[in-house]
Amino acid sequence: MPPAEKSKLGYTPPDGGWGWVIVFGAFISIGFSYAFPKSLTIYFKEIQEYFSVSYSEIAWLSSVMLASMYAGGPVSSILVNRYGSRPVVMVGGLLVSTGMILASFGTTIMHLYLCVGLIGGFGLAFNLQPSLTIIGTYFQIKRPLANGLAMTGSPVVLFTLAPLNQWLFDSFGWRGSFLILGGIVLHCCIAGALMRPVNKHAQPKPKAEPAGCNGEAAEKVASSEANSQSDKLLSKENKEESKSQGCVQKFIDLSLFKHRGFIIYLVGNVVLFFGFFAPVVFLAPYAKHQGIDEYSAAFLLSIFALTDMFIRPITGILGNTKWVRPRIQYFFSFAVFYNGVCHLFCPLLPGYSGKVVYAVFFGLAFGMLSALLFEVLMDLVGAHRFSSAVGLVTIIECGPVLLGPPLSGALVDIFGDYKYMYYACGVFMLVPGIYFFIMHYYNYKKLDEEHRQDVAAELRTCEEAVQLRLRQDGKTAHETDG
Amino acid sequence: MSASWKQLFFQILLLLVSCRHINTKTPGPTPPPLIPIDQLPTDVRSVVLKGESHTEKVELLNPVNLALECTWTGNQDKLPNITGLWRKNGEEVQNSSQTVLLENDQYNLKRVFSIVNEENLGSYTCEFGSKAKIDFVLAAPQIGEVRDKPIVSYVGDSVVITCKMEDTKPQPSTWNWYRANGTDKEQISTAQEPLRYEIKSEERNTKLVVHSLVEADGGLYYCGAVYAISTSMSHVKLKVINFHEPLKPFIAIVIEVIVLVAIILLYEKSQSKKNSAAGENGTTDQTNTLTQGESNGPEESSSMRQRKV
């Protein structure tokens, strides 16, 4: 049975203590990263009128911010690999703040693209990756729970920012609001300050006194299990680094592209992200298209956000149970599949009550998937390589994330109806769900096989070592006698 | 020859008569068209009432001779005749009281009204005794979306105020902008102050751009959609504030963040100092207990693994 992630980190993660403070910091950081771009849409109408630009030009602002946030992933990974999470998050917070302050003095729409979009997006990228990475360093056993709790930041911060932004807009107009938001975003720096690097020297390696060959075999079994699941032992990693292809390898781990689990995750994610965000974006317009009034349509989004908020920690708890944890990839595959099923049913549910039911189930699905999204990546590649992995994943996901909503919009325009778009999104999530189930079944089997082979190999070498020892002892005994 | 002189005289008379109603202070509609009443187009609106009352909204764009027809199916009494009368804005129209006979199980009231200008618009009611009435609300197309919250802008900045007529309603012939001046409205003319005001009007929307704002620019602004019959108004409130306003909360938040970050980092420094100070004395004990604790852990799990393998 392939176990859950073992720490070949070289130390035991605390799994508590200051770790919960880290989770709180990550909660804020991740919350701002995801919720901030969404909450800015409140200002779009006035900015559009002020600069006399078209709706698509203002929508570009969101796209630039999102693109820059995802493209900044690898840069963020490199910096975290070198400097650790704390400085990167604090710099990220300062970047977003500077971007917003500069934007409040903006005179053209291009000015806003640069300040809010580019600089702001980059700053948010510097918040997202390090927060996820540091959770991996502080948690091992309770990691799914920690991830679930941290990802809850996104809906909670959105829930707080949305009315706050509206109030700021009514009191100060868009310029003053941008200035004050520049201040509010500085709270990411507080989150960063909390991210104390984990103390790797306080607790020694848990590979304590070997109790004879069995003990040694057991240790090596532990390490080999770790090997089979994720990256090699530190010593092996050193060998790899010496064979590395130049500077790049030291900054970001491109050997991940040879990692089976990583490739499975990447391919599945690229497909599923096409259909991930579009249903959220088009939920309110679809409801209005069906004749539901504006306030009820907005209420649908609130229902969605509330269910999302509650299911994330619950998913974390479920992911942590002993039944789910070893096979957490199946849980993730189920979440993806369930998302697809939800979207396929959406057009079939009539009326406002149908949409409410859909909003509830979709909220559950979306939250489940989000809570597990990074946990399963950590499970596959291990906390040590997670930083590079998430950087590579985000920059490759940049494409589908950006293309998804416009493509869906195009589908709506072609057919004049939203239901085909929902069917398409459903398929885009159903297929990866099934793909994940199959591929992870295969992957777990392979891992089991490798693990058995390793154990057999270790036992053989252990027996040989014992025999060698006995012969040597025998020789020395003879020598002493003789 | 004489016929055209008569027409001209008649038109001048009409002009003089209508001139008395024009008030230069209030933004009235454009002077009424110089079309004699009998040359106006006609339109009919009829309503059949089954209950006790009904309100019918009538949207008018141009001057028209409007025939309003009321039909009432009557109540259980079914009196052979009933007193019918017309009211305009609650007041009885002179000589409109008449006896209405029951024909084909219905009571009918009909009257033609000349609607030429804004004063003719309003609420016209046909009453059947005091038992039933139908209200006809005559109005030019109203601007639907009225922004209730003020637009906030800054001293020295410029602001864009927009007004929009919905696609479902007919488009106005032109747009005007007015500024509140005490209780009156003053029309904004871009010719007078081309550097400060800019009006960009398309068919259905209009934008007023005010440059180089000062605090005195704050207040109510009115946009008027001009139709032949009258002008529909909508208002927007503008608030002009100084840049210091948002600066105060911003600085407060920045100070709060700096203080919290400093507290967190200082606390951490003091903690690590404590650890290193107590380190030499306590670490050996600590590591001993830790190793013991951890050695139990992995041995258990390793034995578990062995069993399962």
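The model shown is predicted, which means the values in this text are computed figures rather than measured ones.

Moving on, we come to the packing of aromatic side chains. In this description, a pair of aromatic rings is defined by centroid distance and the angle of the planes. Residue and element names in this part refer to chain A. Within this structure, the stated rule accounts for 39 aromatic pairs over all chains. Their ring planes at 90 degrees and their centres at 5.5 Å tell us that Tyr43 and Phe178 sit as a pair that is edge-to-face. Here the residue Tyr43 occupies a position in the loop between helix H1 (18-39) and helix H2 (44-51), and Phe178 occupies one in helix H7 (residues 153-184), the gap between them amounting to 135 residues. Take Tyr43 and Phe178: they sit in the same class, and that class is buried.

A few words now on a nonpolar patch on the surface. Residues and elements named next belong to chain A. Together, Leu254, Phe257, Ile263, Val267, Ile395 and Ile396 give the surface a local cluster of nonpolar side chains, amounting to about 430 Å² of exposed area. Breaking the nonpolar patch down by element, the ones donating at least two residues are helix H12 (260-272) and helix H18 (383-415). Position of Ile395 relative to the elements: it lies in helix H18. Accessibility expressed as a relative area gives 36% for Ile395, which makes it partly exposed.

On to the sheet that holds strand E3 (residues 64-72) of chain B, then. All names here are of chain B. The strand order E1-E3-E7 describes an open sheet built from three strands, whose pairing is mixed. At either end of the open sheet lies a strand with only one pairing partner, and these are strand E1 (42-49) and strand E7 (107-115). Strand-to-strand twist across the sheet, computed as the mean angle between neighbouring axes with direction ignored, equals 15 degrees. As paired elements, E1 and E3 share eight bridges and run parallel to each other. Directly across from Thr42, in E3, lies its bridge partner Asn65.

UniProt's entry tags residues 32-126 and 141-234 of chain B with the feature "domain: Ig-like" (unreviewed entry), counted in the numbering of this structure. Within the segment residues 141-234 of chain B, helix and strand shares are 0% and 48% respectively, and the terminal C-alpha atoms sit 11 Å apart.

Opposite charge on two side chains permits pairing when their charged atoms draw close. All names here are of chain A. Taken as a whole and assessed by the stated rule, the structure comprises 13 salt bridges over all chains. The salt bridge involving Arg260 is made with Glu450; its shortest N-O contact spans 3.4 Å. With a gap of 190 residues between them, Arg260 in helix H12 and Glu450 in helix H19 (residues 419-481) connect regions that are remote in the sequence. On the accessibility criterion, Glu450 (27% relative accessible area) is partly exposed.

Attention shifts here to the sheet that holds strand E12 (residues 174-181) of chain B. In a beta sheet, neighbouring strands pair by backbone hydrogen bonds and run either parallel or antiparallel. Here five strands make up an open sheet; going across it, the order is E10-E17-E16-E12-E13 (chain B) and the pairing mixed. The outermost strands of the open sheet, each flanked by one partner alone, are strand E10 (151-154) and strand E13 (184-187) of chain B. On average, adjacent strands in this sheet sit at an angle of 35 degrees to one another, irrespective of strand direction. Pairing between E10 of chain B and strand E17 (residues 231-241) of chain B: four bridges, direction parallel. Bridge pairing links Ile151 of chain B to Leu238 of chain B in E17 of chain B. Contacting E10 and E17 of chain B, H7 of chain A crosses the sheet at an angle of about 40 degrees to E10 of chain B.

Residue and element names in this part refer to chain B. As paired elements, strand E11 (residues 159-164) and strand E15 (residues 205-210) share six bridges and run antiparallel to each other. Bridging across to E15, Cys163 finds its partner in Thr206. Pairing of strand E14 (residues 197-201) with E15, which is carried by five bridges, proceeds in the antiparallel orientation. Bridge pairing links Ile199 to Leu208 in E15. The turn joining E14 and E15, which pair antiparallel and follow one another in sequence, is formed by three residues.

A few words now on the packing of H1 of chain A against helix H6 (residues 143-151) of chain A. Residues and elements named next belong to chain A. Taken N-terminus to C-terminus, the directions of H1 and H6 make an angle of 40 degrees; their axes are 7 Å apart at the nearest point. When the axis of H1 is compared with that of H6, the two are oblique. For the element pair H1 and H6, the recorded crossing hand is right-handed. Contact residues: Trp20, Val23, Ala26, Phe27, Ile30 and Tyr34 in H1; Leu145, Ala146, Leu149, Ala150 and Met151 in H6. Here the residues of the contact of H1 with H6 are counted per class, giving 11 nonpolar, no polar and no charged.

Our focus in this paragraph is the packing of H2 of chain A against helix H3 (residues 55-83) of chain A. Residues and elements named next belong to chain A. Viewed as axis vectors pointing N to C, H2 and H3 meet at an angle of 125 degrees, and their least axial separation amounts to 10 Å. It follows that H2 is oblique to H3 by the angle criterion. Judged by the sense of rotation from one axis to the other, the crossing of H2 with H3 is right-handed. The residues of H3 that touch H2, namely those facing Phe44, Ile47 and Gln48, are Tyr55, Ile58, Leu61 and Ser62. Of the residues assigned to the contact of H2 with H3, the class counts are five nonpolar, two polar and no charged.

Membership of the largest hydrophobic core comes to 137 residues, with the highest contact counts inside it found for Phe36, Leu112 and Phe178 of chain A. Among the elements that line this core, the one with the most residues is helix H17 (residues 351-381) of chain A, at 15 residues. Excluding residues within four positions of it along the chain, Phe178 of chain A makes contact with Leu40, Tyr43, Ile47, Met100, Ala103, Ser104, Leu112 and Val116 of chain A. Counting 47 residues, the second largest nonpolar core, distinct from the first, contains Leu49, Ile161, Cys223 and Val236 of chain B.

The end-to-end C-alpha distance of H12 of chain A is 19 Å, a good match for the 18 Å that 13 residues give at a rise of 1.5 Å each. Buried within H12 of chain A we find Gly261, Phe262, Ile264, Tyr265, Leu266, Gly268, Asn269 and Leu272 of chain A.

The next thing to look at is the environment of Val427 of chain A. All names here are of chain A. Tracing the chain through its elements places Val427 in helix H19. Remark: the alpha-carbon pair of Val427 and Asn339, spanning 88 residues in sequence, is separated by 9.7 Å. Leaving out residues up to four positions away in the same chain, Val427 has contacts with Leu344 and Pro432.

All names here are of chain B. Considered domain by domain, chain B is made up of domain 1 (37-139) and domain 2 (151-241). Each partner contributes residues to the interface: domain 1 has 10 residues there, and domain 2 has six residues. Buried area between domain 1 and domain 2, summed over both chains or domains, comes out near 670 Å², and the portion from carbon and sulfur atoms is 68%. The largest per-residue losses of area from domain 1 upon contact with domain 2 belong to Glu59, Leu61 and Glu118, which jointly make up 61% of the total buried on that side. Across the contact surface, domain 1 and domain 2 share zero salt bridges.

As a further point, take the state of the cysteines. Residues and elements named next belong to chain B. Taken as a whole, this structure holds two disulfides over all chains when the rule is applied. What pairs with Cys70 in a disulfide is Cys126, and their sulfur atoms sit 1.9 Å apart. On the sign convention where negative is left-handed, the bridge of Cys70 and Cys126, at about -110 degrees about the S-S bond, is left-handed. Highlighted residues: Cys70 in strand E3 and Cys126 in strand E8 (residues 122-128), separated in sequence by 56 residues. Each member of the pair, Cys70 together with Cys126, is buried. What pairs with Cys163 in a disulfide is Cys223, and their sulfur atoms sit 1.8 Å apart. On the sign convention where negative means left-handed, the S-S torsion of about -75 degrees between Cys163 and Cys223 marks this disulfide as left-handed. One end of the pair, Cys163, is in strand E11; the other, Cys223, is in strand E16 (residues 219-226), with 60 residues separating them in the sequence. In terms of burial, Cys163 and Cys223 fall into one category: buried. Cysteine pairing for chain B, with bonded cysteines counted in sequence order: 1-2, 3-4.

Conventions used here
- Residues numbered from 1 in each chain as written.
- Chains lettered and ligands numbered in written order.
- Predicted model: local features only at pLDDT ≥ 70, side-chain atom pairs only at ≥ 80, totals over all residues.
- Heavy atoms only, no water.
- Phe/Tyr/Trp six-rings, centres within 6.5 Å; stacked < 30°, edge-to-face > 60°.
- Helix = DSSP H or I, 4+ residues; strand = E, 2+ residues; numbered from the N terminus.
- Buried < 20%, exposed > 50% of the residue type's maximum accessible area, 1.4 Å probe, protein only.
- Patch = residues over 30% accessible without salt bridge, like charges linked within 9 Å, V, L, I, M, F, W, Y side chains within 5 Å.
- Areas by Shrake-Rupley, 256 points an atom, 1.4 Å probe, with all protein chains shown as cover.
- Salt bridge = Lys/Arg side-chain N within 4 Å of Asp/Glu carboxyl O.
- Pairing = 2+ DSSP bridges.
- Axes fitted to C-alpha atoms, helices over the stretch in contact; angles between N-to-C directions.
- UniProt positions renumbered as here; feature names shortened; annotations may be inferred.
- Contact = heavy atoms within 4.5 Å.
- Parallel < 35°, antiparallel > 145°, perpendicular 65-115°, else oblique.
- Left-handed = near helix turned anticlockwise from the far one by under 90°.
- Nonpolar A, V, L, I, M, F, W, Y, C, P; charged D, E, K, R; others polar.
- Core = buried A, V, L, I, M, F, W, Y, C linked by side-chain atoms within 4.5 Å.
- Expected span 1.5 Å × (residues − 1).
- Domains from an automatic or database assignment.
- Buried area = accessible area lost by both parts, 1.4 Å probe.
- Disulfide = S-S within 2.5 Å.

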